[in-house]
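Observations on the three-dimensional arrangement
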Amino acid sequence: MSGSGKVNESNSNGTQMDAPVQCSTYTFPEIRTQEIIRGHGRSASHGGGATLGANNSGNVVTRSALKSSRGHQRAFSQGQIPETGSMRPGHSRVGSKTDFILPPGHKESDAASGSASKTSAKGHSRQASRSESIYTLRRSTPPSMWRRLLCFVLRRAPRYEHEERFRIIVPNHTVPPKTPRKEHPNGSRPNNKIRTTKYTLLSFLPRNLLEQFHRVANLYFIFIVLLNWFPAINAFGKEVAMIPVLFVLGVTAVKDLFEDRRRYASDKRINNSTCRIYHSEADRYKKVLWKDVRVGDLIHLSNNEVVPADILLLRSSDPNGLCYLDTGHLDGETNLKQRQVARGFIEKQTVFEPSRFKSRVEVDPPTTKIYRFHGAMIHPSGERVPVGTNNLLLRECLLKNTDYVEGVVVYAGHETKAMLNNGGPRYKRSTLEKQMNQDVIWCVLTLVILCIIGAVGCKLWLNTYYHLGEPFVSDGMSNSTEAFLAFWTYVIILQILIPLSLYVTLEMCKIIQVYHIHNNVDLYDPLMNKRTQCRALNITEELGQIQYIFSDKTGTLTENRMIFRNCSIAGVDYDHPQLVDEAKGLNKLTSLSVVCNQRLLDDLALIGVKGDETLVQRQLQSARIQDFLLLLAVCNTVVCSHHPHVDLMNESGTIDQAFDGDSLDASSSNTQILNDRYARLTESRSVTPSPPLNSNVYNETRRHVPCLPPIVDTSPITEFNDSKNAKAKKISIPALPFIGRKNGALNLTDEQKLKLTPSPKDSKPIFEAESPDELALVDAAYNYDCRLVRRTPSTATIEVPGDNRLEFEILQILPFDSIRKCMSVIIKHPVSKRIILYCKGADSTILANMAPVEDDTEQKQIINKTQQHVNYYAKKGLRVLVMAKRVLSVQEYNDWLRKHEECELAHDNVERRLRDSYSNLETNLTVMGASAIEDRLQEGVPETLNSLISAGIVIWVLTGDKPETAINIAYSAKLFSPHMEILKIMARTKEAAENSIYCYLSEIERDQDSSDESTFSVAPINTQRRSSQVRALVVDGKTLTFILDKRSNLTKPFLKLSTYCSSVLCCRATPLQKAYIVKVVKEELKMRTLAIGDGANDVSMIQTADVGIGISGQEGMQAVMASDFALPRFKFLERFLLVHGHWSYHRLSNMVLYFFYKNAAFVFLLFWYQLFSGFSGAVMIDQMYLMLYNLLFTSLPPIAIGVYDKNAPEDLLRREPHLYRSSRLGKAYRWHSFWLTMCDAFYQSIAIFFIILCTYYDTTIDIFSFGTVCTTACMFVMLLHAAIEIRSWTIIHVATITFSIAVFYIYSITYNTLCHGCFGLPSTHGVIQNTANTLTYWLVIPICCVAALLPRIIIRTSLNIFNPNDVTRAIVAERRAARRGEGFLVTWSRSTSSSSIFRTSSNRNKNNALTVIG
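These figures come from a predicted structure and were not determined experimentally. (Residues numbered from 1 in each chain as written. Predicted model: local features only at pLDDT ≥ 70, side-chain atom pairs only at ≥ 80, totals over all residues. Heavy atoms only, no water.)

1. Let's talk about the overall build of the protein
Under the convention used in this document: The helix count covers DSSP runs of H or I at least four residues long, the strand count covers runs of E at least two residues long, and both are numbered beginning at the N terminus. For each residue, the accessible area found with a 1.4 Å probe, counting protein chains only, is set against the maximum for its type, and the residue is called buried under 20%, exposed over 50%, and partly exposed in between. Where accessible areas are quoted, they stem from the Shrake-Rupley method and a 1.4 Å probe; at the residue level, only the protein chains shown are allowed to cover.
Assigned secondary structure in the protein consists of 41 helices and 44 strands. Considering the protein as a whole, with its 1414 residues, one finds that 57% of them fall into the buried category. Roughly 59,400 Å² of accessible area belongs to the protein as shown, and the carbon and sulfur atoms make up 56% of that amount.

2. Observations concerning the sheet that holds strand β10 (residues 322-326)
Basically, it comes down to this: Strands pair, by our definition, only if DSSP identifies at least two bridges between them. A fitted line through C-alpha atoms represents every axis, and for helices the fit uses only the stretch in contact; the resulting angles, taken between N-to-C directions, go from 0 to 180 degrees.
The three strands are arranged β11-β10-β16 in an open sheet whose pairing can be described as antiparallel. Only two strands of the sheet have a single partner each, and these edge strands are β11 (336-340) and β16 (398-400). Taken over all neighbouring pairs, the strand axes of this sheet differ in orientation by 40° on average, direction set aside. The pairing of β10 with β11 spans five bridges and is classified as antiparallel. By the bridge assignment for β11, Leu322 is matched with Gln340.

3. Points about the nonpolar core
Worth spelling out the cut-off: Residues enter a nonpolar core if they are buried and are Ala, Val, Leu, Ile, Met, Phe, Trp, Tyr or Cys, with the set joined through side-chain atoms within 4.5 Å. Only heavy atoms matter for contacts: two residues are in contact if any of them lie within 4.5 Å across the pair.
Residues Met1151, Val1152, Phe1156, Ile1248 and Ile1252 are the most contacted members of the largest nonpolar core, which totals 112 residues. For this core, the element with the highest residue contribution is helix α31 (residues 1132-1170), accounting for 19 residues. Apart from the residues lying within four places of it in its own chain, the contact partners of Ile1248 are Leu1165, Cys1270, Ala1273, Cys1274, Val1277, Cys1344 and Ala1348. The next biggest cluster of nonpolar side chains, apart from the first, holds 50 residues, and it includes Val363, Leu398, Leu399 and Tyr411.

4. Concerning helix α37 (residues 1263-1285)
What counts, and what does not: By definition here, a helix of n residues has an expected span of 1.5 Å times n minus one. Here a polar contact is taken to be a pair of N or O atoms separated by no more than 3.5 Å, where protein atoms must pair a possible hydrogen donor with a possible acceptor and residues adjacent in sequence count only if both atoms sit in side chains.
Between its terminal C-alpha atoms α37 stretches 33 Å, which fits the 33 Å expected from 23 residues at 1.5 Å a residue. Across the 23 residues that make up α37, a large majority, 19, are buried. By the N-cap criterion, in which a side-chain oxygen at the helix start approaches the backbone nitrogen of a residue two or three places on, α37 is capped by Asp1262, the distance to Phe1264 being 3.1 Å.

5. Structural notes on the side chain of Thr1324
Inspection of the secondary structure puts Thr1324 in the loop between α38 (1291-1314) and α39 (1327-1332). Apart from the residues within four sequence positions on either side, Thr1324 is in contact with Asp1182, Phe1264, Tyr1311 and Asn1312.

6. Concerning the environment of Thr1059
Relative to the helices and strands, Thr1059 resides in the loop between α27 (1051-1058) and β38 (1063-1067). Relative accessible area serves as the criterion here: at 3%, Thr1059 is assigned to the buried category. A sequence separation of 105 residues divides Thr1059 from Val954, and the C-alpha atoms of the two residues are 8.4 Å apart.

7. Remarks on the pattern of salt bridges
Rule in force here: The salt bridge definition used is simple: a Lys or Arg side-chain nitrogen within 4 Å of an Asp or Glu carboxyl oxygen.
For the structure on display, the rule yields 40 salt bridges. For the salt bridge of Arg167 with Glu415, the shortest nitrogen-to-oxygen distance reads 2.4 Å. Of the two residues, Arg167 is situated in strand β5 (residues 167-169) and Glu415 in the loop between β17 (404-411) and α7 (417-420); the sequence distance between them amounts to 248 residues. Classification of Arg167 by relative accessible area gives buried; the value is 5%. A salt bridge links Arg787 to Glu799, with the nearest nitrogen and oxygen atoms 3.7 Å apart. A residue pair is termed long-range when its members are at least 10 positions apart, and Arg787 in strand β28 (residues 787-791) and Glu799 in strand β29 (residues 795-800) qualify at twelve residues. Here the two residues Arg787 and Glu799 agree in accessibility, since each one is buried. Salt bridges linked by common partners bring Asp785, Arg787, Glu799 and Arg805 together as one network.

8. Looking at the pairing of β29
A large share of β29 lies buried, amounting to five of its six residues. In this sheet, β29 lies alongside β28 in antiparallel orientation, the contact comprising four bridges. The partner of Arg791 across the bridge, within β29, is Ala796. Between β28 and β29, which follow one another and run antiparallel, lie three residues.

Nothing here speaks to function; it is geometry throughout.
This is the structure:
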């Protein structure tokens, strides 16, 4: 993209490097025993990073383009990048949003950033994927035999000891075809076959069991099973004791197998896709499957074809060697990225033949850093040509706006960047699960206590009756030995106290909850055709406990739909209030073009000129407007496309010579070559326009990651000529599904609608840009007849009024970066031959680099007026860019270019050197004006934020915008309200920040003391909600730098101040600052956090929070791929948290407590029997009932409670957001809830056992009949207990309870009738029949139920009457209003201290209140 030659100086022999070339080949440095260097190299994305290698002082005169120190290499995952160390020149990607860093707070040792003089035995490479930090260890020494055998069984490639420094790729067609793989230069590289499955046919059983045994509960029950095989301890039948464990392990294994089967089907579909690979034997391209592609293959791709592997670009149909990629599958960014053929191949485009390509390619090892790639192409002559990210096509990208490309595969299969970054669902532990695990430990302690009591009781009983022999005492065993064995016997018979099946039930409940959330129609967006995604399967209940929300602004709260609203040119403001379709009365979503400002048109055309003086002024203003519009049209990276893209080669690699050339536009014939069979690739009978990114076909390909459609022969194609010329089958490119359909535009994003909207003039090109801001600016210039019609790396063609076309030579592009905050382009004017630098960027950057002017000059007035307009635009919430220019002399430009080329060739601090080089040129600027672009709020954002704040959730908005813009958006979004006190901290020194924080704190505490309010607590959300409602905090990025610095000791005072505010707005925040803010709030305040964003710059924040939510918006899917949940729109967050989160938490809390209760009650029943059996370890309940109690008889009601129970209706939860408080504070499952549940189980077991004991006292009932009555009564009590806990009865709840009772009696009758001594167990033939035939049986069960449940019913009723919770109070009020039949509902809100009157039949929206009394 950048120019390489000096102006007015010919360089026909190529650019000569100022520094002499040291060597043309790579040589290893001499290694000395006492100086083994294992330095630490830190690498960052985007071609940036540092290489802190050893400073070899030997006679090593060469250095590979890829060479880096051995040892640590850290791939950063999102945010700012360290600026130390060296880096290689990377790609020229402008304004990329995808930087990768490790999560903030990652602990580093000094060695990781220290000198290379430190040694280590083994180095390793650290990498972070886009979804989580993944640390991988690569080895280069041969692995051991057993490890290779294990890798063969698991179908995993063996890893190596040390990271290789670089790789040499040899073109496969230069190697004899039948060369054995071990002898092939590329034989050690993996093929392109991918496998995302966890298991194979051989490894499934051992590996799945190994994973399940990581759970302590599973290991415990395996221990119980093994313990039961000891004859002296044997309490149950050996086979029967295995039933629960086998059932739990089997259910989990089936679930894992089903999930892995889906991954296998996806892998098979991808691996069987086809592409075209060059075969040297046939001397042409042939169709092969993706899985058969190898490193070193030459590959041919056509427009709209998916890239099957990471490919180094060698040839393009574009005469300038360019091609364009849609990386939506990879990083989620829907804007096109430009790639260029390797240096030296642009001139060879017309004569390139695959068979003549003999060069080797030297590349760095595979990394997760998507936008970092360094290498060199080594020609047979020894010449080395550097290659970088700008020359690499990544797997899963779509080729766009290009007829065809050819390249060589450098990474394949699991070594491609797409696969290295392919993270699956995340598994986090929720707060409820952590609390549950603590209570499981208490269950273990309770079990140990019961076992000790049983063992002690056994010894005391034996000591009392010492004269007894067998069978009471084993011959030859002491009482102490009997007591010891009794302890382990009790461990076996009381094992149900440890809820093994609770984990399986909990997991099943969460999966079903996820299914219902995913298929909820209310969380589906028909415009974008997207629904809610649950990527983390085990933290649904965490949605109901959110206390802090951290949100991005652009694209999350706003639409990221850029509209050109205002511009200030030479101090004159021109507004654009209407869109083109709004003026015509059409749907405003169909276009982004604005109606031209008539005053600007008049000034541009010199209309209304009166007098010579006015004429001069108007001419000057007209010239300034023309210059401003020229800047809008040129200073960007917008891609222009005029015609469909064509390729004659069919999917089998055959080129059809029959072709009607008249059917194509003349511009498609861009090369004229004789005697070159590949010249025909520039023309085709198959014409394929690029479909929009969000078309139905595009969505279809995004259904799985990766999911690439195979190329089939039967797909439809578009042809210009008749079918008689169709001899060969064309490559199948999906047709545009929306053409000819009335509703087809519903699936398009707004930027794509702009690209596809017909212009009044038929010649309007299709604009593609990396930023929606640039699209808005270019379209605005186009509307004023300053039209960008063609762009190449070295030229930009602008059409001006009068059908004049000016071709500007692009000398250099200075790309945007977040530190400079501006972007520039250097052009050579075709008429004046002047060299001009056009610059656009943030006002803080441009206005600080202005050329000095006198106070009373016109330019000073323009600057002042522009500054006023910028402030006015920012207050309106518009995105502001300031435009400037600088005229350079030839000498100035050549001097700068010479220094800039030296920076490009430097070996260290390349990124910083280049940035400083850009900044040196972007000085002494002349301000031309400013632009203001509107990014509208999304639908429902104010209502959603209002509801979330009313629910007691503290909202933090973290944005990179100016404070004025962000504050205005905050007011529009109802984040701030007029009655709020806005606290602003915008300091430029640490002392100023400290003074501001302590000043605000002292003022707030003084106000509280004067009003006798409570003092500050760690979590004032609960105690000081009233005071925090009236304050909001605004802080900028510079101040955050001081606050987040641990040395400043300002973090805790700042967090203390923030707890007095209901909303916090952080402006000019970097991605790293966003993530660190989330981290300190989560760790210092001990709050449960949720982060939501839509862009790649939000990934670190999303990954750091307890719950991460991605918005599938205009900035792509990067945030979605790194998130736990994905929402189509921000407005769905209200229903997602206040309804589904509230339900999930209460459902699972009640289910877990119910599980503890029913297990404990059953165990206590067994324990009470020991008091009457001499602590012998005998049980009165049949062993089959003991094993099936959890698995069959009482398994379904907990699932019904955990999935379908609702403690409040949906409309009430949305209408009364403060009801979220009960789940947010975790009131349903507190630390004491477990002990209350255990006490209830303790009492109920006593009631059941002793009522039955008294009923059958002094009768001839046998042990198993007594146990059957106890089992039946216990089961009825527990099912009725579940009925008490159920808040909303459905047919599912009734069915589960009915099924449990039915299956108990069916099993009991069948078992007692047919089973005689089954599994070696004592016979219980006819027990249930004989017992149930007595009247006593049917009378004692209801008595037990009433006695056991009466205290719970009394306590529950008393609480609901005398001390109801918020949810109960709201439900009662609603029912009373409904019974009165008034059609109104009166509610009282604690959070707002106001009562509201609602119509019960109105929309579920708080704005429907008829009256609000405060």
